[in-house]
Amino acid sequence: MRIIALSDKPGWHVDDLRRAAMSMGHSLVNCSWLALSGRVGCDAGAVVQTDNAVLDDADAIVVRTMPPGSLEQVVFRMDVLHRLESRGVLLINPPRAIETAVDKYLALTRMEAAGLPVPATIVCQRHVDAMRSFDELGGDVIVKPIFGSEGWGMTRISDRDLASRAFAQLERMNSAIYLQKTIDHGGSDLRLFVLGGQVIAAMRRTANNWRTNVARGATTQTIEIDPSLRALAISAATACGAIVAGVDLLHDAAGKPYVIEVNAAPGWRALSATTGIDIATKIVEYAALLRSKSQERSHVTQ
């Protein structure tokens, strides 16, 4: 297979995917989001390309990251993915899954509609609404950016005066104000890695505060997953339409589980090191399986 990794820059995950691909006789190149260009009504055969590859010719494209950009840039990037998908290019993940998971509010609505337990969350735009929401959620909330990852930009607020100042600033910046009720999780949560409707690896993350992201210093340990939590993670990934997903779960003080987030471009460096599972190889193997099934269907229709 000719595999393309779409990323803002090469790094450990792209190198790991390349290692896995080459060990199975495939090739993998990294393409930059900023180098993407799309053609419409032109004589050249390529529809989408970068400096080093024609994306139409890829057997599989792994969307590794979605870097920040202007609204126009992000919309164009998603348009490109939709166009490639319509031309039969295998995308991991599909554009609808990326659009859903990157938007925390949209992801929560999809999961709630699927009957999954999610934290009490209110998203608004005005200071006055945010203050009412702060009180409604018990005066102890996590304020998050709707678009964000690895815990960056998150703040826990339990002081009403501080909340008022923070919400006023967000309103001045024309930002959506995303408030989530703080759940006492004892300083730990779970990351489950879903691939093709199966949980292939899982770990517990533990920190000495409410943030449990490995990028923020949390420690990890491998765990055996309860079947009910396994089903919960798979259902969360399915609700977001994700082939590959990092699903974050936590329990409150009473032991009730909640789905906190679905990441459609999850990292696995800490997870592979913790569990000993070669996740990159499993991703490439699954891409090859999907590609083979697609070719079989094409052959039957012919």
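Structural data are supplied above this passage.
Treat the numbers as computed from the prediction; the structure is a model and nothing was measured.

Colleague: How should the environment of histidine 82 be read in this particular structure?
Modeller: Looking at the element boundaries, histidine 82 is found in helix α2 (residues 71-86). Sequence separation between histidine 82 and histidine 13 is 69 residues; the distance between their C-alpha atoms is 24 Å. Non-local contacts of histidine 82, meaning those with residues more than four positions away in its chain, are made with Pro95, Arg96 and Glu99.

Colleague: Sorry, what's going on with the sheet that holds strand β10 (residues 177-181) here?
Modeller: Across a sheet, strands are paired by hydrogen bonds formed along the backbone, either parallel or antiparallel in direction. Within the open sheet, the four strands sit side by side as β7-β10-β8-β9. Their pairing is antiparallel. In this open sheet, the two edge strands, each paired with only one partner strand, are β7 (121-124) and β9 (155-157). In this sheet, neighbouring strand axes are inclined to one another by 25 degrees on average, regardless of whether the strands run parallel or antiparallel. As paired strands, β7 and β10 are joined by four bridges and run antiparallel to one another. Following the sheet pairing, valine 123 is matched in β10 by tyrosine 178.

Colleague: Sorry if this is basic, but what is going on with unusual backbone geometry here?
Modeller: Across the chain, the bulk of peptide bonds are trans and the bulk of non-glycine residues have phi less than zero. Each neighbour pair has its own omega, and for isoleucine 92 with asparagine 93 the value is 10 degrees, a cis peptide bond. With respect to the element layout, asparagine 93 can be found in the loop between β6 (91-92) and α3 (95-102). Even without being glycine, asparagine 174 reaches a positive phi, approximately 60 degrees. A residue is classified by how much of its surface remains accessible, and asparagine 174, at 73% relative accessible area, is exposed.

Colleague: Sorry, what's going on with the sheet that holds strand β14 (residues 244-251) here?
Modeller: In spatial order, the strands read β13-β12-β11-β14-β15; together these five strands make up an open sheet with antiparallel pairing. The sheet is open, and its two edges are formed by β13 (219-222) and β15 (257-263), each paired on a single side. For this sheet, the mean inter-axis angle between neighbouring strands, taken without regard to orientation, is 30 degrees. Where β14 meets β15, six bridges bridge the pair, whose relative direction is antiparallel. In the strand pairing of β15, glycine 246 is matched with asparagine 263. Packing of helix α7 (residues 227-239) onto the sheet brings it into contact with β11 (188-195), β12 (198-206), β14 and β15, and relative to β11 it is tilted by some 60 degrees.

Colleague: What is the right way to look at the pattern of salt bridges in this model?
Modeller: A side chain of one charge can pair with a side chain of the opposite charge if their charged atoms are brought near each other. This structure, assessed with the given rule, holds 14 salt bridges. With a closest N to O distance of 2.8 Å, arginine 19 and aspartate 16 form a salt bridge. Pair noted here: arginine 19 and aspartate 16 are both in helix α1 (residues 12-23), with a separation of three residues, about one helical turn. Classification of arginine 19 as partly exposed rests on a relative accessible area of 37%. Taking the shortest distance from any N to any O, the salt bridge between arginine 96 and glutamate 99 comes out at 2.9 Å. Residue arginine 96 and its partner glutamate 99 are both found in helix α3; the two are separated by three residues, about one turn of the helix. By relative accessible area, arginine 96 is classed as exposed at 58%. Counted as one network, the salt bridges with shared partners bring together Asp189, Arg191, Arg205 and Asp248.

Colleague: I keep staring at the packing of aromatic side chains and nothing clicks. Help me out?
Modeller: Here a ring pair, both rings aromatic, is described through the centre-centre distance and the interplanar angle of the planes. In the structure shown here, the tally under the stated rule is two aromatic pairs. Taking 6.3 Å as the distance between ring centres and 65 degrees as the angle between the ring planes, the aromatic pair formed by phenylalanine 134 and phenylalanine 167 counts as edge-to-face. Of the two residues, phenylalanine 134 is situated in helix α5 (residues 127-136) and phenylalanine 167 in helix α6 (residues 160-172); the sequence distance between them amounts to 33 residues. Given a relative accessible area of 0%, phenylalanine 167 falls into the buried group.

Colleague: I would appreciate a short explanation of the side chain of aspartate 248 in the present structure.
Modeller: Secondary-structure assignment places aspartate 248 in strand β14. Overall, the relative accessible area of 8% leaves aspartate 248 in the buried class. Aside from chain neighbours lying at most four places away, what touches aspartate 248 is Leu190, Arg191, Arg205, Tyr258, Val259, Ile260 and Glu261.

About the thresholds
- Residues numbered from 1 in each chain as written.
- Predicted model: local features only at pLDDT ≥ 70, side-chain atom pairs only at ≥ 80, totals over all residues.
- Heavy atoms only, no water.
- Helix = DSSP H or I, 4+ residues; strand = E, 2+ residues; numbered from the N terminus.
- Contact = heavy atoms within 4.5 Å.
- Pairing = 2+ DSSP bridges.
- Axes fitted to C-alpha atoms, helices over the stretch in contact; angles between N-to-C directions.
- Buried < 20%, exposed > 50% of the residue type's maximum accessible area, 1.4 Å probe, protein only.
- Salt bridge = Lys/Arg side-chain N within 4 Å of Asp/Glu carboxyl O.
- Phe/Tyr/Trp six-rings, centres within 6.5 Å; stacked < 30°, edge-to-face > 60°.

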